[in-house]
Amino acid sequence: MMIKRIGLLTSGGDSPGMNAAIRSVVRYGLHYNLEVIGIYRGYAGLINEDLKSLDHRSVAGIINRGGTILETLRCDEFLTEEGQRKAVEVLKRNKIDALIVIGGDGTYRGAIELWERWHIPCVGVPATIDNDINGTDFTIGADTAINTAIEAVDKIRDTSLSMSRIFMVEVMGRESGFIASQVALACGAEEVLVPEITYDLGDMYHDVAKGCLKDKDRWIIIVAEGEDAKAKEIVKKIAEMTGSETREVVLGHIQRGGSPTAQDRLLATRFGAAAVDLILNNEFGKAVAVKGNQVLAVDLHLAVDKKDGQMVKSSYQLMRHLT
Ligand code: F6P
């Protein structure tokens, strides 16, 4: 199949490095004589025909910028058959032969629908701060989010030490403890609560109480967002048990913004070019991924399977040996 014109969109939660991936797709695509059509605000923009041809200059000066110049949305209409039909009509009317989608598992599920149900050639690029896409060691944005959270937790540690307080810091990661586990390890936190690990809260209370008896009254406990309901209860109980002052901090969306780190810029740049290569080689229904230092392609179905959480678990175990 001869591909001449490709569509490009970002969808779901934005992540730092999406712009670097957009730049790479556009410039690498142009190098191979593809026309690249930017689709604004994800699948919603596709349905509403919000399109613009992207040239070399339109992606100048964005490699270092957080967010996405194409903007992004979570689109309920695209989940319906009618929404998908409209999207396919737009692609056909605009002679878009193939689509590159940049985002997380929801974005990939949309691409699977387009490819398998409507026969629109699609390729995925993994971008989400949660790093919860299967088949790839890293997604674009996770490294920047971790660095942002580390900077914040280091600052919280300063005040915790000065005022002898126990802090519980909630980081992002809806159903993934990746950010939490990496931040805990990198900040030397005393405890971390993540969805991938079943723990006995009684043990944790015991550890904190024992520490406090030995004058260790400054703790940093990192909690993944998904474990939030437990956090409030835990902080209250610790205060009651130890008599220590406790505080909760929710880092929130600051973790999604900011200039991407070197690692995210490089990953995004390599991923963008690899996605165009897949299109040029007529390899559809796949997503680019990285294993070790090698960029490769995985089936979109495999990519949306639940990740095994091995890195979270091993980081947790290591942390337990260091506290
Ligand atoms: O993109 C992933 C993520 O940042 C999750 O970590 C978080 O749970 C969610 O998005 C927040 O979504 P929203 O910005 O729609 O509140």
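Being a predicted model, the structure only gives us computed values, none of them experimental.

Within the chain, the regular secondary structure consists of 11 helices and 11 strands. Here the C-alpha radius of gyration of the chain, 22 Å, is about what a compact globule of 323 residues would show, namely 20 Å. Each of the three principal axes of the chain carries a C-alpha extent, and together these read 70 × 35 × 35 Å. Taken as a whole, the chain presents about 14200 Å² of accessible surface, with 50% of it coming from carbon and sulfur. In the chain, the 38 positive side-chain charges and the 45 negative ones have mean positions that sit 4 Å from each other.

To continue, consider unusual backbone geometry. Apart from glycine, the bulk of residues carry a negative phi angle, and the bulk of peptide bonds sit in the trans form. Residues other than glycine seldom take positive phi values, yet Arg41 does so here, at roughly 60°. One non-glycine residue, Asn282, lies in the positive phi region at around 55°. Mapped onto the elements, Asn282 comes out in the loop between helix H9 (262-280) and strand S10 (286-291).

Turning our attention to the environment of Gly104. Within the secondary structure, Gly104 is located in the loop between strand S4 (98-103) and helix H4 (105-118). Looking at Gly104, the relative accessible area reads 12%, which means it is buried. Setting aside chain neighbours within four positions, we find Gly104 in contact with Ser11, Ala127, Thr128 and Ile133.

Neighbouring the ligand are Gly13, Arg74, Ile129, Asp130, Met172, Gly173, Arg174, Glu225, His253 and Arg256. His253 places a polar side-chain atom, nitrogen or oxygen, 2.8 Å from an oxygen atom of the ligand. When the residues that make up the shell around the ligand are grouped by side-chain class, the tally is 2 nonpolar, 3 polar and 5 charged. Counting contributing residues, the shell around the ligand receives three or more from each of domain 1 (5-141 + 260-305) and domain 2 (143-256).

Size of an interface, as often reported, equals the accessible area lost when the parts are brought together. Domain parsing of the chain yields domain 1 (5-141 + 260-305) and domain 2 (143-256). Each of domain 1 and domain 2 was reduced to a C-alpha centroid, and the two centroids are 35 Å apart. Contact with domain 2 buries surface across domain 1, with Ile129, Asp130 and Thr261 losing the most and accounting together for 43% of the total. A salt bridge links Arg256 to Asp14; the shortest N-O distance between them is 3.3 Å. Taken together, the residues that form the side of domain 1 that touches domain 2 break down as 4 nonpolar, 6 polar and 5 charged.

Before going further, it helps to spend a moment on the sheet that holds strand S7 (residues 191-193). The 4 strands are arranged S7-S8-S6-S9 in an open sheet whose pairing can be described as parallel. Looking at the sheet topology across the chains shown, the edges are occupied by S7 and strand S9 (245-250). Strand-to-strand twist across the sheet, computed as the mean angle between neighbouring axes with direction ignored, equals 20°. Where S7 and strand S8 (residues 219-224) come together, 3 bridges link them in parallel fashion. Across the sheet, the residue bridging to Glu191 is Ile221, located in S8. Of the strands in this sheet, strand S6 (165-171), S7 and S8 are in contact with helix H7 (residues 201-213), which crosses S8 at around 165°.

Analysis parameters
- Residues numbered from 1 in each chain as written.
- Predicted model: local features only at pLDDT ≥ 70, side-chain atom pairs only at ≥ 80, totals over all residues.
- Heavy atoms only, no water.
- Helix = DSSP H or I, 4+ residues; strand = E, 2+ residues; numbered from the N terminus.
- Rg over C-alpha atoms; globule rule 2.2 N^0.38 Å.
- Areas by Shrake-Rupley, 256 points an atom, 1.4 Å probe, with all protein chains shown as cover.
- Lys, Arg positive; Asp, Glu negative; His and termini not counted.
- Charge placed at Lys NZ, Arg CZ, Asp CG, Glu CD.
- Buried < 20%, exposed > 50% of the residue type's maximum accessible area, 1.4 Å probe, protein only.
- Contact = heavy atoms within 4.5 Å.
- Near = heavy atom within 4 Å.
- Polar contact = N/O pair within 3.5 Å; in protein donor to acceptor, adjacent residues only side chain to side chain.
- Nonpolar A, V, L, I, M, F, W, Y, C, P; charged D, E, K, R; others polar.
- Domains from an automatic or database assignment.
- Buried area = accessible area lost by both parts, 1.4 Å probe.
- Salt bridge = Lys/Arg side-chain N within 4 Å of Asp/Glu carboxyl O.
- Pairing = 2+ DSSP bridges.
- Axes fitted to C-alpha atoms, helices over the stretch in contact; angles between N-to-C directions.

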